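Overview (structure and organization)
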Amino acid sequence: MKVRLRRFRLGGLLLLLGLAFLFDLSSGPIRIPLRDIFHLLFSRGSGDPTWAFIVRSIRLPKAITAVLAGCGLSVSGLQMQTMFRNPLAEPGVLGITAGASFGVAAVMLSGGSMATLYAIRELGSPGSWLIAGAACVGAGLVMLLVLALSSRLRDNVLMLVIGLMMNSITVALTSIWQYFSNPEEVKEYLLWTFGSLGGVTGLQLYILTAIVIVGLAAVFLSSKMLDALLLGENYARSMGLTVKRARVIIVCSTSLLAGGITAFCGPIGFMGIAVPHLARLLFNTSSHRVLMPASCLLGAILLLACDCIAQWPGTQTVLPINIITSLVGAPVVIYLLVRKKNLNIYR
Amino acid sequence: MAELLHTRELVTGYHQGGRRIVVSGDLPELTIGAGQLICLLGPNGSGKSTLLRTLAGLQPALGGRVEIEGRVGLSSAELAKKISLVLTDRVTGNNLDVYSLVALGRYPWSTWLGGLREADREAIHRAIIAADIGELLGRKVFTLSDGESQKVMLARALSQDTPILMLDEPTAHLDLPSRIRLMRILHRLARELDKGILLSTHELDLALQVADEVWLLEGGGGVARSGADAVRVDLPTGSRSGSAGVPFHKGTPEDLILEGIFEAVFAREDVIFDRSSGVFRIPPEGQMPIRLEGVGVEAFWTRRALQRAGFAIMDGAAGADSTGGGAGVGVVRVFVEAGRPGWLFEAGGESKRFDSIAVLLDGLHRHTHLS
């Protein structure tokens, strides 16, 4: 019966995801009714050509990016929370996101006009490639460093401390760069840190899709390891888990997801920390075989919803996604946690 | 009796900053047999946990080897099918419910995604019955009391379905009934499921009751050992197992008591070990000799009360007292009249009757303070 209820809820979330996806396609500075969205998606050549262009070239890639980023960030947050047995852990704790930001800062602040924000928003321009590439290099370097250090440690808590230290170092380095740059460049960098789902099109979208699929596959394969880690490393070891190997798999998949998504969308906060909590509340379980798909679905739905809110219906203004995720999401989580009175489950 | 675990020339310890720190060196050969319940005893800091963790493969040995069913160098996955553990690590968070936690014990056996087969469910069911946690199944782990939590962790280890079970201080934090209940379950598991069980504990009296064998570690292992050796109480010759100087003893609990090893290992100035009853006692101060006459359970508890009140008991048989000075303070006679106990105190030709131990102690107090 319990299993049936879970399947029912997962099915419900899947349905909700479909609705959110369609709603996201229809909302924007130009409102396109849902009925027309169906026509534009499923019967080629029909409907208004301007609408067709808007939906196929702009909104569809953006919605797909939202789904990919929502899934990826949420499951990597779940991985971090279980691995560190800490409810405050999120994809950024290893310093990967900060590493990506550092890469971007290095390019933007030293390259000057070469990679402007305008270039990022220009579809498929070399500037956006440069930025994504720089972010990947930054994230990758931090990942290698964390991996090298992780093989020397017995304890996952030490990993958390090292991740936080890596975070501070990269943030400090970025700050030095900002300090010596001129205001326009700093503003461009600042705008990048607000995050954007809209810049990923064409080949970039394929690459992001590939990264997220590979990352998710690794994450799903780590479900069993994560279940064992719920009891702490000693018990996990006594049940036959090779803790160091598990750590490599977890660090690699989280780096791939968080680094890749940050490279293409900029830093998107909040999803990684909040969605796993929502999944636990909704499914009342700690089994990662349930929490993984649940976090995926919830993350995608939430990010799509945030994207709808970001382009406030009826107005021309579009707010940065990173602001919305925190502003809308955090109160939701506070409300749910307080109402459910489940705060003590993380003792 | 099938031999499950056998150590040879085992040295336990750890590395710290490139230095080898030996906790227990030159241990004798240790064996755990099927159906055997072994208690690992020793004062705090004597290396019980280190030995247990080394035997369980959680930390590498500094020297020697541990053979599991005749094999060495098992992979962690193979080891997980031979030894299951109950550790002192607290498991509270993460929203786990009791059934899921017990089911995690199937980790070494479940499919690569963690799926459970029919055989796994049966093993979980057996573990739940054996650890007697049927009524806890729906609960969240963080709502459990210490006693319940310990039984659940035992069930998790049992569902791992291994021939060897090791528990690190499973009775810590438990109240007395829970401690006894847990020990009873373990005793039954060894007998009925033929498991080899090793547990470390501070519960000497319980260990003495259930253990088939006791492993006794003396304190002061590691770097401090050479200094501590000099002040250690002299042991009867021939009682040490293994080579000379090894602070380790093993044997049936009764043999160890009769050889005086318990006293030697645990006794301090402020603690005495009563060989006749097998319990540790707070030594009374400023003892006054008193004679106690009587038999049965009433006499036993009267003796306890008198000892607590600071009297040294001389046995009832006339002339058996070694303290000298005749009858000491006087004579307490315990009797049972019409199913109720009574006490008579005789001193200096006078005799007084008391109806309860409280009144008796009060009377004795007044008597000793007047004279």
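These figures come from a predicted structure and were not determined experimentally.

**Here we look at the overall build of chain A**
Broken down by element type, chain A carries 15 helices and zero strands. At 20 Å, chain A has a C-alpha radius of gyration in line with the 20 Å of a compact globule built from 347 residues. Across its three principal axes, chain A shows a C-alpha extent of roughly 65 × 60 × 35 Å. Here chain A, with 347 residues, has 54% of them falling under the buried criterion.

**Looking at the overall build of chain B**
When helices and strands are tallied, chain B shows twelve helices and 17 strands. Counting all 371 residues of chain B, 51% fall into the buried class. Taking contacts inside chain B between residues at least 6 apart in sequence as the whole, the part at least 24 apart equals 66%. When the accessible surface of chain B is split by element, carbon and sulfur atoms take 52% of a total near 17500 Å².

**Some details on the packing of aromatic side chains**
Applying the stated criterion across every chain yields a total of five aromatic pairs over all chains. Taking the centre distance of 5.9 Å and the plane angle of 65° together, the rings of Phe102(A) and Trp177(A) count as edge-to-face. Separated by 75 residues along the polypeptide, Phe102(A) in helix 4 (residues 96–111) and Trp177(A) in helix 7 (residues 156–179) bring together distant segments of the chain. Here Phe102(A) falls in the partly exposed class, since its relative accessible area comes to 21%. Relative to Phe248(B), the ring of Trp215(B) lies with its centre 6.3 Å away and its plane at 55°, an arrangement referred to as tilted. Taken together, the residues span a long stretch of sequence, with Trp215(B) in strand 9 (residues 213–217) and Phe248(B) in strand 10 (residues 248–251) at a distance of 33 residues. By relative accessible area, which is 0% here, Phe248(B) ends up buried.

**Structural notes on the side chain of Thr254(A)**
Relative to the elements of secondary structure, Thr254(A) occurs in helix 12 (residues 243–265). Ignoring anything within four residues of it in the chain, the contact list for Thr254(A) reads Ser76(A), Gln79(A), Met80(A), Pro91(A), Leu94(A) and Gly259(A).

**Notes on helix 5 (residues 146–159) of chain B**
Taking 1.5 Å as the rise per residue, helix 5 of chain B with 14 residues should run 20 Å; its terminal C-alpha atoms sit 20 Å apart, in good agreement. Within helix 5 of chain B, twelve of the 14 residues are buried, which leaves it mostly tucked inside the rest of the structure. Residues of helix 5 of chain B that are buried: Gly147(B), Ser149(B), Gln150(B), Lys151(B), Val152(B), Met153(B), Leu154(B), Ala155(B), Arg156(B), Ala157(B), Leu158(B) and Ser159(B). At its buried positions, helix 5 of chain B is contacted by helix 11 (233–238) of chain A together with strand 6 (83–86), helix 3 (98–104), helix 4 (118–131), strand 7 (164–168) and helix 6 (176–193) of chain B. Of the residues one or two after helix 5 of chain B, Asp161(B) is the one with positive phi, at around 60°.

**Side note on the sheet that holds strand 16 (residues 340–347) of chain B**
Residues and elements named next belong to chain B. Taken together, five strands build an open sheet; the order of strands is 14-13-15-16-17 and the sheet is mixed. Two strands in the sheet have a free side with no partner beyond their single neighbour: strand 14 (311–314) and strand 17 (350–354). Ignoring strand direction, the axes of neighbouring strands in this sheet form an average angle of 30°.

**Digging into the nonpolar core**
Most often, soluble globular proteins keep nonpolar side chains buried together rather than apart. Core analysis: the biggest nonpolar cluster contains 181 residues, and Leu51(B), Leu154(B), Met166(B), Trp215(B) and Phe262(B) have the highest contact counts within it. Ranked by size, the runner-up nonpolar core spans 16 residues in total, among them Leu306(B), Val329(B), Ala347(B) and Leu361(B).

**Focus on the sheet that holds strand 10 of chain B**
All names here are of chain B. In spatial order, the strands read 6-7-8-4-9-10; together these six strands make up an open sheet with mixed pairing. Single-partner strands in this sheet number two, and they are strand 6 and strand 10. Between one strand axis and the next, the sheet turns by 15° as a mean value, whatever way the strands run. In terms of strand pairing, strand 4 (residues 37–41) meets strand 8 (residues 196–200) through four bridges, oriented parallel. Residue pairing for strand 8: Leu 37 is matched across the bridge by Ile 197. Strands strand 6 and strand 7 of the sheet are contacted by helix 5, whose axis makes an angle of about 170° with strand 6.

**Looking at the packing of helix 9 (residues 202–221) of chain A against helix 14 (residues 288–310) of chain A**
Residue and element names in this part refer to chain A. Between helix 9 and helix 14, the shortest axis-to-axis distance is 9 Å and the interhelical angle comes to 150°. Taken as axis vectors, helix 9 and helix 14 run roughly antiparallel relative to one another. Crossing of helix 9 over helix 14 shows right-handed handedness. Counted together, Leu 216, Val 219 and Phe 220 of helix 9 and Met 292, Pro 293 and Cys 296 of helix 14 form the full contact between these two elements.

**Here we look at the interface of chain A and chain B**
The interface is formed by 27 residues belonging to chain A together with 34 residues belonging to chain B. Interface area lost by chain A to chain B is led by Lys224(A), Tyr235(A) and Met239(A), which between them contribute 27%. For the pair chain A and chain B, the number of links is zero salt bridges. The interface formed by chain A and chain B holds six residue pairs in polar contact (both at pLDDT 80 or more) in total. Contributing elements (two or more residues each) for the side of chain A that touches chain B: helix 9, helix 10 (223–229) and helix 11 of chain A. Residues that form the side of chain A that touches chain B fall into these classes: ten nonpolar, eight polar and nine charged.

**Structural notes on the pattern of salt bridges**
Residue and element names in this part refer to chain B. A full pass over the atoms with the stated rule returns 16 salt bridges over all chains. Here Arg 333 and Glu 346 are joined by a salt bridge, their closest N and O atoms 2.4 Å apart. With a gap of 13 residues between them, Arg 333 in strand 15 (residues 331–337) and Glu 346 in strand 16 connect regions that are remote in the sequence. The exposure class assigned to Arg 333 is partly exposed, which follows from its relative accessible area of 28%. Via salt bridges that share partners, Arg 8, Glu 29, Arg 65 and Glu 67 belong to a single interconnected network.

**Section: the confidence of the model for chain B**
Residues and elements named next belong to chain B. Taken over all residues, the pLDDT of chain B has a mean of 81, while the share at 70 or more is 86%. In this model, residues 221–246 is a region of pLDDT below 50 whose contacts with residues beyond four sequence positions or in other chains number 37 contacts. Contacts for the low-pLDDT stretch residues 318–325, under 50 throughout, to residues beyond four places or in other chains number seven contacts. Two numbers describe this predicted complex: its pTM, 0.78, and its ipTM, 0.78.

So, how was this worked out
Residues numbered from 1 in each chain as written. Chains lettered and ligands numbered in written order. Predicted model: local features only at pLDDT ≥ 70, side-chain atom pairs only at ≥ 80, totals over all residues. Heavy atoms only, no water. Helix = DSSP H or I, 4+ residues; strand = E, 2+ residues; numbered from the N terminus. Rg over C-alpha atoms; globule rule 2.2 N^0.38 Å. Buried < 20%, exposed > 50% of the residue type's maximum accessible area, 1.4 Å probe, protein only. Contact = heavy atoms within 4.5 Å. Areas by Shrake-Rupley, 256 points an atom, 1.4 Å probe, with all protein chains shown as cover. Phe/Tyr/Trp six-rings, centres within 6.5 Å; stacked < 30°, edge-to-face > 60°. Expected span 1.5 Å × (residues − 1). Pairing = 2+ DSSP bridges. Axes fitted to C-alpha atoms, helices over the stretch in contact; angles between N-to-C directions. Core = buried A, V, L, I, M, F, W, Y, C linked by side-chain atoms within 4.5 Å. Parallel < 35°, antiparallel > 145°, perpendicular 65-115°, else oblique. Left-handed = near helix turned anticlockwise from the far one by under 90°. Buried area = accessible area lost by both parts, 1.4 Å probe. Salt bridge = Lys/Arg side-chain N within 4 Å of Asp/Glu carboxyl O. Polar contact = N/O pair within 3.5 Å; in protein donor to acceptor, adjacent residues only side chain to side chain. Nonpolar A, V, L, I, M, F, W, Y, C, P; charged D, E, K, R; others polar. pLDDT = per-residue confidence, 0-100.

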